[in-house]
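Coordinate analysis (summary)
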Amino acid sequence: MVLSDFAVKHPAIITILLVSLLVFGLIAGSSLNSEMIPPVALPAASIVTVYPGAGARDVERDISRLIENQMSTLPGLSELTSSSSDSVSVVTMEFRADVDVHEKLPQIRELLNAVASKLPDGIEGSPVIYITEASSFLPIFSVRVSGEMEAEALTEYIENRISPALARIPGVSKINLVGGSKQEARVTLNVTELEARGVSALTVYEALRYNNLNIPAGQAMYRSRELSFTTRGAFSDLDELKNLTVGFGDGSFIFLKDVADISLVPEEKDIRIRSGGKDYVMLDVLKRDEGDTIQIVRAALKVFDEIKRETSGVVDFAVISDQSETTQRSLQTVMQSAITGLALTIFVILFALHDIRATIIIGLSIPLSILFAILGLFGTGRSLNLLSLSGMTVAIGMIVDNSIVVLENTYTKFQKTGNKRKAALEGAGEVGGAVLASTTTSICVFAPLLFLTGIIGVIMNDLSLAIVFALGSSALVAVVVVPWLSAIILKRQEDVKKIKILKRVEDSIDRGFSSLDKAYRRLLVWALDNKLFTIGLA
């Protein structure tokens, strides 16, 4: 066989290639993201438009239909739906599983810009595009934050110091702050004063609405750079709000403080987190699909440790949920199963062949096949998760089959001839084609799973891909590495010195296998002599 002949005749080249495989395989393994399961949601994006005061029918007619018709031309789209309610339009786009939504973002913006002039003038800002990711629904890390300070001050510190530090961690998509406390300006109109001064409530509302704004003031060139200017009109403190002019009467201006009571009060909470009679603030860390759960949580813990040292313990935290621990335990369980299977496989081979050199050849073929599979997963942008690791674990038994077939044939010829090189060439040449054919049939069983679509396809893709890579790698290792190693390290049994008791045990095992072989031969002869009964039994 060409591959095995090349491996035996050029051992230096094979050695260089295997060292390269080891280096790049370890780099790829350390670079793969670790997570519990792969993202199981189809790529999707939503366009949200706010149209204050408009009814659901107006929103559908003036916004939803317009955007929906425009987005229907987007390539890769599998489903397009819209939802219209009072003041809000939501257009949802689902894409095929092979589409990268982030790459579609510029196209979505271009299509939106094309219809921007046709949208109603009363919409709030511009339509906002939200990319829906599978990992953005459930937090991977939740922390309860407490501090020896007012709730409002703690919330402000979290928003200005902790949340930005967490958001800078690679792979983090969003930081949710739950249970925070803020102050708001509450304006309580005095109806008597309004009537006495001839100011309506609508006038006050319009004054508040149009004065609390930051308005773009244009651009200017400065030293070949374009600068944007903004006119700041938003209220910065309570005094500015109190001195807001809401009318004019009797020769003087009427201020808001003349017709209303204004005060800072705690904002009403939608969610309140309480434990042991004390209020807390919760921080949830959500990751992007390509984020590494374990690395993100480690970086987040470092941030909180730094905050604790920075504040001398004034701000404290307690971990409520940590998905990285569950992920690590699950991955370790699968890896322990794989290692146990590997150990048992090596033990069985040693028991059957009672040759440590032959066992080393088989023992090396398994991790080499796994390294090839890891390189394949890295090249296709996959991650180390329960499904991909389970696929490689399932494939371990099939991985070793190819190497055992080649090694057994090589080993038998070597024991007869005593020529390692000739035995490796002939042994692999005789069964190499059969090994490749059997591996191809096994791959054909799992390969169709790669073409499944929908959620099932997303789930099964990592599992089947890991098995396909591992099986393909095992065939390559069997016809290249096994002959190469056999030609280098095999020794005849007569040349190996062994203690007497070990020799007796090996002889007993050989006698047992010989008896089994004789019994099988008798059974086979009987089956051939009784063809009809054998066919009926089958």
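Rules and cut-offs
Residues numbered from 1 in each chain as written. Predicted model: local features only at pLDDT ≥ 70, side-chain atom pairs only at ≥ 80, totals over all residues. Heavy atoms only, no water. Helix = DSSP H or I, 4+ residues; strand = E, 2+ residues; numbered from the N terminus. Buried < 20%, exposed > 50% of the residue type's maximum accessible area, 1.4 Å probe, protein only. Polar contact = N/O pair within 3.5 Å; in protein donor to acceptor, adjacent residues only side chain to side chain. Core = buried A, V, L, I, M, F, W, Y, C linked by side-chain atoms within 4.5 Å. Contact = heavy atoms within 4.5 Å. Expected span 1.5 Å × (residues − 1). Patch = residues over 30% accessible without salt bridge, like charges linked within 9 Å, V, L, I, M, F, W, Y side chains within 5 Å. Areas by Shrake-Rupley, 256 points an atom, 1.4 Å probe, with all protein chains shown as cover. Salt bridge = Lys/Arg side-chain N within 4 Å of Asp/Glu carboxyl O. Pairing = 2+ DSSP bridges. Axes fitted to C-alpha atoms, helices over the stretch in contact; angles between N-to-C directions. Phe/Tyr/Trp six-rings, centres within 6.5 Å; stacked < 30°, edge-to-face > 60°. Lys NZ or Arg CZ within 6 Å of the ring centre and 35° of its normal. Lys, Arg positive; Asp, Glu negative; His and termini not counted. Parallel < 35°, antiparallel > 145°, perpendicular 65-115°, else oblique. Left-handed = near helix turned anticlockwise from the far one by under 90°.

**Things to note about the environment of Asn419**
Among the structural elements, Asn419 can be located in the loop between helix H13 (386-417) and helix H14 (420-446). Classification of Asn419 by relative accessible area gives partly exposed; the value is 37%. As a C-alpha pair, Asn419 and Lys491 span 72 residues in sequence and 9.4 Å in three-dimensional space. Here Arg421 takes part through its backbone nitrogen, which lies 3.2 Å from a polar atom of the side chain of Asn419.

**Let's talk about the nonpolar core**
If you look at the biggest cluster of nonpolar residues, it comprises 44 residues, and the most contacted ones within it are Leu18, Ile361, Met392, Val406, Val481 and Trp484. For this core, the secondary-structure elements that each account for two or more residues are helix H2 (11-31), helix H11 (323-353), helix H12 (356-379), H13, H14 and helix H15 (454-489). With 11 residues, the single largest contributor to this core is H15. The contact partners of Val481, leaving out residues within four places of it in the chain, are Leu18, Leu368 and Leu476. Within the second largest apolar cluster, 23 residues are counted, among which are Ile158, Leu166, Leu283 and Phe317.

**Structural notes on helix H4 (residues 101-115)**
Taking 1.5 Å as the rise per residue, H4 with 15 residues should run 21 Å; its terminal C-alpha atoms sit 21 Å apart, in good agreement. Residues of H4 that are buried make contact with strand E1 (44-50), helix H3 (56-71), strand E3 (88-95) and strand E4 (128-132).

**A word on a nonpolar patch on the surface**
Taken together, the side chains of Phe347, Val348, Phe351, Phe513 and Leu516 present a nonpolar region at the surface, about 510 Å² in accessible area. Broken down by secondary-structure element, the contributors of at least two residues to the nonpolar patch are H11 and helix H16 (500-529). Residue contributions to the nonpolar patch peak at three residues, all from H11. Position of Phe513 among the secondary structure elements: in helix H16.

**Considering the pairing of E1**
Among the seven residues that make up E1, five are buried, leaving the element largely enclosed by the rest of the structure. Bridging between E1 and E3 involves seven bridges; their strand directions are antiparallel. Across the sheet, Val50 pairs through a bridge with Val88, a residue of E3. Pairing analysis gives five bridges linking E1 to E4, with the strands arranged antiparallel. Directly across from Ala44, in E4, lies its bridge partner Thr132.

**Topic: the sheet that holds E1**
If you trace the four strands from one edge of the open sheet to the other, you get E2-E3-E1-E4, paired in antiparallel fashion. The open sheet has two edge strands, strand E2 (77-85) and E4, and neither has a second partner. Mean inter-strand twist for the sheet, computed between neighbouring axes without regard to direction, equals 15 degrees. Docked against the sheet, H3 engages E1, E2 and E3, running at close to 165 degrees with respect to E2.

**A look at the packing of aromatic side chains**
Scanning all chains against the criterion turns up four aromatic pairs. Geometrically, the ring pair formed by Trp526 and Phe533 is edge-to-face, given 5.6 Å between the ring centres and 80 degrees between the ring planes. Through a chain of ring-to-ring contacts, three or more aromatic side chains come together here, namely Phe141, Phe304 and Phe317. Against the face of Tyr280 rests Arg144, its NZ or CZ located 4.1 Å from the ring centre.

**Quick look at the environment of Gln219**
Note on placement: Gln219 falls in strand E8 (residues 214-222). Spatially, the C-alpha atom of Gln219 lies 38 Å from that of Leu77, the residues being 142 residues apart in sequence. In this structure Gln219 touches Glu226, Leu227, Ser228 and Phe229, once residues within four positions along its chain are discounted.

**Side note on the side chain of Asp292**
Secondary-structure assignment places Asp292 in the loop between strand E14 (278-287) and helix H10 (293-310). As a buried residue without a salt bridge, Asp292 has its nearest oppositely charged side chain in Arg298, at a separation of 7.2 Å. Polar contacts involving the side chain of Asp292 include one to the main-chain amide nitrogen of Gln295, which spans 3.2 Å. The residues contacting Asp292, other than those within four sequence positions of it, are Leu32, Asn33 and Ser34.

**Some details on the pattern of salt bridges**
Any two side chains of opposite charge can pair, so long as their charged atoms come close to each other. For the structure shown, the criterion picks out 12 salt bridges. Taking the shortest distance from any N to any O, the salt bridge between Glu306 and Arg161 comes out at 3.5 Å. Taken together, the residues span a long stretch of sequence, with Glu306 in helix H10 and Arg161 in helix H5 (residues 151-167) at a distance of 145 residues. A residue is classified by how much of its surface remains accessible, and Glu306, at 41% relative accessible area, is partly exposed. With its nearest N and O atoms 3.2 Å apart, the salt bridge here joins Glu193 to Arg197. Residue Glu193 and its partner Arg197 are both found in helix H6 (residues 191-197); the two are separated by four residues, about one turn of the helix.

**Describing unusual backbone geometry**
Trans peptide bonds make up the majority, and among non-glycine residues the majority have a negative phi. One non-glycine residue, Ser87, lies in positive phi territory at about 75 degrees. Considering the arrangement of structural elements, one finds Ser87 in the loop between E2 and E3. Despite not being glycine, Ser312 has its phi angle at roughly 55 degrees, a positive value. Checked against the element boundaries, Ser312 lands in the loop between H10 and strand E15 (315-322).

**Regarding the packing of H13 against H14**
Axis angle and axis distance: for two packed helices, these are the angle between their axes and the distance between the axes, and together they describe the pair. Interaxial distance between H13 and H14 falls to 8 Å at its minimum, and their mutual angle equals 160 degrees. Taken together, the axes of H13 and H14 lie roughly antiparallel to each other. The interaxial crossing formed by H13 with H14 has right-handed handedness. Here Met398, Asn402, Val405, Val406, Asn409, Thr410, Lys413 and Phe414 of H13 lie close against H14, whose contacting residues are Lys420, Ala423, Ala424, Glu426, Gly427, Ala428, Glu430, Val431, Val435, Ser438, Thr439 and Phe446.

**Observations concerning the environment of Lys416**
Of note, Lys416 is situated in helix H13. Overall, the relative accessible area of 68% leaves Lys416 in the exposed class. In sequence terms Lys416 and Ala437 are 21 residues apart; their C-alpha atoms lie 27 Å from each other.

Treat this as a map of the structure, not an account of what it does.
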